Amino acid sequence: MAKYSINLLQADLLPAKVFWTLNRVASLWLIVLAIMLAFIFIVQLQVSSLNAEYQTLNSVNSQQKMQLQKLELDIANNRKDANLLAQLNTIKLVIDNKQHLHQQLTDPTQTYSAGFSTAMAELAELHDKNISLQRVTIGNGNMTFSGLARSPDAVPNWLSGFESSTFLSGKRFVNFTLSENEQQVTEFVVSSAQAKGE
């Protein structure tokens, strides 16, 4: 005789399977822990690399600051001497004036030929070591001399020699200016022309 069995246990009656089991939660924690440890390790490597780079840059910065201080000290020690600069400026001024005078003397459109060579020859004969002529203007019956003198009384002494000159004697100089420039050098202007406004 055959036995018949009836299974009264229905699928609905079985308990539902839980997704978050203890094993799964523990595994997830282990995975998160491994990820965090790996992240910490990577961050530590980056921090070490940045620290090394910072130390290198800091060392370079210190060297450059020291080099800057050295260069500033060299610049301070290389200052030009004020007296030499003043003398150089005076010499440049004299050379510029002489070149300008030479240009005027050699330019045929500006030279006053009648008596000009005679005046130059006589000025050369009246040369005084205390006088340095920088500019001579002769034209329209007027004469102007300007230059430098070693002392203020050297200019009248030089002008007194004009009495022995044939071309310059008898000239009436109505303007006479003496001044001392920043380098304590006497400058003079002597002119036979009336100043404007007189």
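Predicted model, so just to flag it, every value in this text is computed and none were measured.

Further remarks concern the overall build of the chain. The number of helices and strands found in the chain is four helices and four strands. If you list the helices and strands of the chain from N to C, you get α-α-α-β-β-α-β-β. Taking the intrachain contacts of the chain between residues at least 6 apart in sequence as the baseline, contacts between residues at least 24 apart amount to 50%. Carbon and sulfur atoms make up 58% of the accessible area of the chain, which totals about 16100 Å².

What the rule picks out here adds up to one salt bridge. Ionic pairing is found between D74 and K70, a salt bridge with its closest N-O pair at 3.4 Å. Taken together, the residues D74 and K70, both in helix α1 (residues 22–77) and four residues apart, mark about one turn of the helix. Looking at D74, the relative accessible area reads 32%, which means it is partly exposed. In this structure K70 comes out as exposed when scored by relative accessible area, which is 52%.

Bringing the sheet that holds strand β4 (residues 186–191) into the picture now. An order of β1-β2-β4-β3 is seen for the four strands of this open sheet, with the pairing classed as antiparallel. Bordering the open sheet on either side are β1 (131–139) and β3 (175–180), each of which pairs with just one other strand. In this sheet, neighbouring strand axes are inclined to one another by 10° on average, regardless of whether the strands run parallel or antiparallel.

As a further point, take the packing of aromatic side chains. Scanning all chains against the criterion turns up two aromatic pairs. On the numbers, 5.8 Å between centres and 85° between planes, the contact of F145 with W158 is edge-to-face. With F145 in strand β2 (residues 142–149) and W158 in helix α4 (residues 154–160), this residue pair connects regions lying 13 residues apart in the sequence.

What follows concerns the side chain of N181. Within the secondary structure, N181 is located in the loop between β3 and β4. For N181, the side chain forms a polar contact with the main-chain nitrogen of Q183, separated by 3.0 Å.

A few words on a nonpolar patch on the surface. A surface patch of nonpolar side chains, amounting to about 810 Å² of accessible area, comprises V18, F19, W20, L28, W29, V32 and M36. Tracing the backbone through its elements, the reader meets V32 in helix α1. Residue classification places V32 among the partly exposed residues on the basis of a relative accessible area of 42%.

Turning our eyes to something else, we now look at the side chain of D128. Among the structural elements, D128 can be located in the loop between α3 (116–125) and β1. Setting aside residues up to four positions removed in sequence, D128 forms contacts with A154 and W158.

As paired elements, β2 and β4 share six bridges and run antiparallel to each other. Paired with T144 across the two strands is S191, which belongs to β4. The pairing of β3 with β4 spans six bridges and is antiparallel. Counted as the bridge partner of F176 is V190 from β4. Linking two consecutive strands that pair antiparallel, namely β3 and β4, is a turn of five residues; a positive phi of about 60° is found at Q184 within it.

Moving on, we get to the nonpolar core. Core analysis: the biggest nonpolar cluster contains 18 residues, and F145, W158 and F162 have the highest contact counts within it. Looking at this core, the elements that each hand over two or more residues are α3, β1, β2, α4 and β4. At four residues, the largest contribution of residues to this core is made by α4. The residues contacting W158, other than those within four sequence positions of it, are L123, L126, D128, I131, L133, F145 and F188.

Conventions we followed
- Residues numbered from 1 in each chain as written.
- Predicted model: local features only at pLDDT ≥ 70, side-chain atom pairs only at ≥ 80, totals over all residues.
- Heavy atoms only, no water.
- Helix = DSSP H or I, 4+ residues; strand = E, 2+ residues; numbered from the N terminus.
- Contact = heavy atoms within 4.5 Å.
- Areas by Shrake-Rupley, 256 points an atom, 1.4 Å probe, with all protein chains shown as cover.
- Salt bridge = Lys/Arg side-chain N within 4 Å of Asp/Glu carboxyl O.
- Buried < 20%, exposed > 50% of the residue type's maximum accessible area, 1.4 Å probe, protein only.
- Pairing = 2+ DSSP bridges.
- Axes fitted to C-alpha atoms, helices over the stretch in contact; angles between N-to-C directions.
- Phe/Tyr/Trp six-rings, centres within 6.5 Å; stacked < 30°, edge-to-face > 60°.
- Polar contact = N/O pair within 3.5 Å; in protein donor to acceptor, adjacent residues only side chain to side chain.
- Patch = residues over 30% accessible without salt bridge, like charges linked within 9 Å, V, L, I, M, F, W, Y side chains within 5 Å.
- Core = buried A, V, L, I, M, F, W, Y, C linked by side-chain atoms within 4.5 Å.

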